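Topology and contacts: notes
Listed below, chain by chain, are the residues.
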Amino acid sequence: MDENRAVVTAEGKVAETTAAQSVENVKVGPGHPDYIPTKEKWMYGIGALMDGGGVALMSCVMLNYMTSLGIAAAVASTIILVAKFWDAVSDPLMGFISDNTRSRWGRRKPYMFFGGIALLFGLLLLFMPIRDWGVSVGGFTAYMIVMYLLWNTLSTITQVPYCSLASDISPNFRERNNANTIKLVFSAAAAGISYVLPLLLLEAYTEPEAAMLPAMDGVGFWLTISIVFGVLFGGGLVLAAIFVKERIAPPKQREKFHLKQFVKDYAVPYKNKSFRWHIGMYAAAFMCMDIISALAVYYATDVWKGKSLFDMEFSSMFIVAPLMVAAVLAFPVVRWLMSKKSKQFAFRIGLPFYIVGGIMMAVMDPEWTPPILVPIVSFIMGFGFGGAQMMPWIIFPDTVDVAEFATGVRNTGTYSGMMTLIRKVAGALGVGMVGWIMTGAGYISSETAGEVVPQPESALLAIRLMMGIAIVVLIGFALFCSLQFKVTDKKLQRMRYYIEKVKEGGLQSLTAAETAERNSMVAELYGKVDPNDAAAWINEGLGENGAEAAAVVEPTEEK
């Protein structure tokens, strides 16, 4: 065996590593094609203002906004869920379109630029105060269905391409990690702003007597929330589109659209074992936050109604603000743990705090609990939320690397589209369950903004129980999934070595030991490979003998 070639033992340990084996072993610097300049990393991060804030804004505002203006909670939840049926088509379709776009500006950036501008108009339409202008509840319901569908479409147009950049910005995973860390700082900041400020504005509009801000009418709420967040979200994407570079070149040949194949592509990412466990971590953690944010207003204004803290009426700010502050404070610790241990470890280290906090939220009764305990418990939960929010998007590019390593295809848009879809569906189901359960428990929606409606004990108990049960179940599942995710930095180095070597010489260029190691890694990280999927290595002209290549890519059985 060549003395410069490292092998991995049966136990999966690297016996020897040389700089020649993988571009990932070299710390790249200015002038290297994989290097991302600092300015570009910051511009890429600014694009995450919509990524972190868009779903947060809708999760914390939409259900309460609609129920405060007369739509029943169950109907409002159904409107939110119906939009996700459209996302089930639009998100994967946008992934296909983005993957097959060829322009002088790249595959992703044109959609980010023009879609970013359109987001401002989408928000202006969505929150237009037509109830204040005399439109009936029925008319308002129909309007919200149409405009929420439009908003979700605009979100798809921008977010699927932007999320694909997490993988396309550089083939070097260290550079990607650094860029995605900056992205997640902006994403967390945007999520914090988008959870806190909209709730303050909404309370000033619908609950003026308990609000921290001066009372606001429908027009004031409409213009403030639309302009502030339209500029924040859209402007960030426009800047990212202008300054960020796509360093992974697309295949020369475009894929033709076939409806039958498009439907089959829904399953493609889920053939990837690493992607499945990653999605479980991601969807469960963010669904949990969506439920908390949707419940925050009801928990504060209904469960804790009449209570005060720091000489102020009890508000959802005492729940959301401490949680987000703790999450941001946890980021440096999470980043350090990622570099010292692993991404999975950094994800799960704070989750027990999350679970304990959820149980306490459900148990605490306003009849005997000091109100100061609510922000303290929320702060404790935030340390778990920090890692749960940060890690999934740093892990995502690794799952695309696994797909390329196993099959030869780097269909980032397909993976990104499916991840964006799952995020939206999980959030919609979470918020939907809140509305349906509250309606079943007897929750009474107000007819006009600012109207105070006493709620039955059954509804108040349901709100408390949902807060606790959702956290325990979902975060427990996310914790389990993180234990099954097996991709490490050492394995990423070996995958990149094999990807580059096969591109240069074909699968038949691997030695017997390398073939055995590669097959073992494919089985562990991807699962069983369909020969039709692996044929990409052959179709690209990377192997002269199709039968030989197919035999090489056939992994061992799943473990």
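Residues numbered from 1 in each chain as written. Predicted model: local features only at pLDDT ≥ 70, side-chain atom pairs only at ≥ 80, totals over all residues. Heavy atoms only, no water.

1. A short note on the overall build of the chain
When helices and strands are counted, the chain shows 20 helices and 2 strands. Looking at the chain as a whole, 60% of its 559 residues are labelled buried. Residue pairs at least 24 apart in sequence account for 83% of intrachain contacts in the chain once pairs closer than 6 positions are excluded. For the chain, the exposed area adds up to about 21400 Å²; of that, 66% sits on carbon and sulfur atoms. (Helix = DSSP H or I, 4+ residues; strand = E, 2+ residues; numbered from the N terminus. Buried < 20%, exposed > 50% of the residue type's maximum accessible area, 1.4 Å probe, protein only. Contact = heavy atoms within 4.5 Å. Areas by Shrake-Rupley, 256 points an atom, 1.4 Å probe, with all protein chains shown as cover.)

2. Some remarks on the packing of helix H2 (residues 48–68) against helix H7 (residues 218–243)
Remark: H2 packs on H7, axes separated minimally by 9 Å, with the N-to-C direction vectors making an angle of 155 degrees. In this view, H2 runs roughly antiparallel relative to H7, as classed from their interaxial angle. Between H2 and H7 lies a crossing of left-handed hand. Counted together, Leu49, Met50, Gly53, Gly54, Leu57 and Tyr65 of H2 and Phe221, Ile225, Phe229, Leu232, Phe233, Gly236 and Leu237 of H7 form the full contact between these two elements. (Axes fitted to C-alpha atoms, helices over the stretch in contact; angles between N-to-C directions. Parallel < 35°, antiparallel > 145°, perpendicular 65-115°, else oblique. Left-handed = near helix turned anticlockwise from the far one by under 90°.)

3. Describing the side chain of aspartate 34
Considering the arrangement of structural elements, one finds aspartate 34 in the segment before helix H1 (38–46). Buried within the structure, aspartate 34 lacks any salt-bridge partner; its nearest side chain of opposite charge belongs to arginine 247, at an N-O separation of 6.4 Å. Setting aside anything within four residues of it in sequence, one finds aspartate 34 in contact with Val28, Ser170, Pro171, Asn172, Glu175 and Arg247. (Lys, Arg positive; Asp, Glu negative; His and termini not counted. Salt bridge = Lys/Arg side-chain N within 4 Å of Asp/Glu carboxyl O.)

4. Observations regarding the packing of helix H10 (residues 317–340) against helix H13 (residues 373–407)
The contact between H10 and H13 brings their axes to 6 Å, and the two run at 45 degrees. Between H10 and H13, the crossing angle belongs to the class labelled oblique. Here the hand of the crossing between H10 and H13 comes out right-handed. Split into classes, the residues belonging to the contact of H10 with H13 amount to 22 nonpolar, 5 polar and 1 charged. (Nonpolar A, V, L, I, M, F, W, Y, C, P; charged D, E, K, R; others polar.)

5. Thoughts on the nonpolar core
Of all hydrophobic cores here, the largest spans 162 residues; its most connected members are Tyr65, Phe127, Tyr299 and Tyr354. Examining the composition of this core, we find that 21 residues originate from one element, helix H9 (residues 273–303), more than from any other. Not counting residues within four places of it along the chain, the set of residues in contact with phenylalanine 127 comprises Met58, Val61, Met62, Tyr65, Phe221, Trp222, Ile225 and Ser226. (Core = buried A, V, L, I, M, F, W, Y, C linked by side-chain atoms within 4.5 Å.)

6. Describing the pattern of salt bridges
Oppositely charged side chains can form a pair if their charged atoms are brought close together. Scanning all chains against the criterion turns up 21 salt bridges. Salt-bridge contacts for glutamate 517 lead to arginine 494; the nearest nitrogen and oxygen are separated by 2.8 Å. Taken together, the positions of glutamate 517 in helix H17 (residues 512–525) and arginine 494 in helix H16 (residues 489–505) put the pair 23 residues apart, joining distant regions of the chain. The pair glutamate 517 / arginine 494 is uniform in exposure class, with both members buried. Salt bridges sharing common partners tie together Arg176, Lys343, Asp398, Asp401, Glu404, Arg410, Asp489, Arg496, Glu500 and Lys503.

7. Comments concerning the confidence of the model for the chain
Mean pLDDT over the chain: 82, with 88% of residues reaching 70 or higher. Predicted confidence is poor over residues 1–25, with pLDDT under 50, and the contacts of this stretch with residues over four places away or in other chains come to 48 contacts. This stretch, residues 535–559, has a pLDDT under 50; its non-local contacts, to residues over four places away or in other chains, come to 61 contacts. (pLDDT = per-residue confidence, 0-100.)

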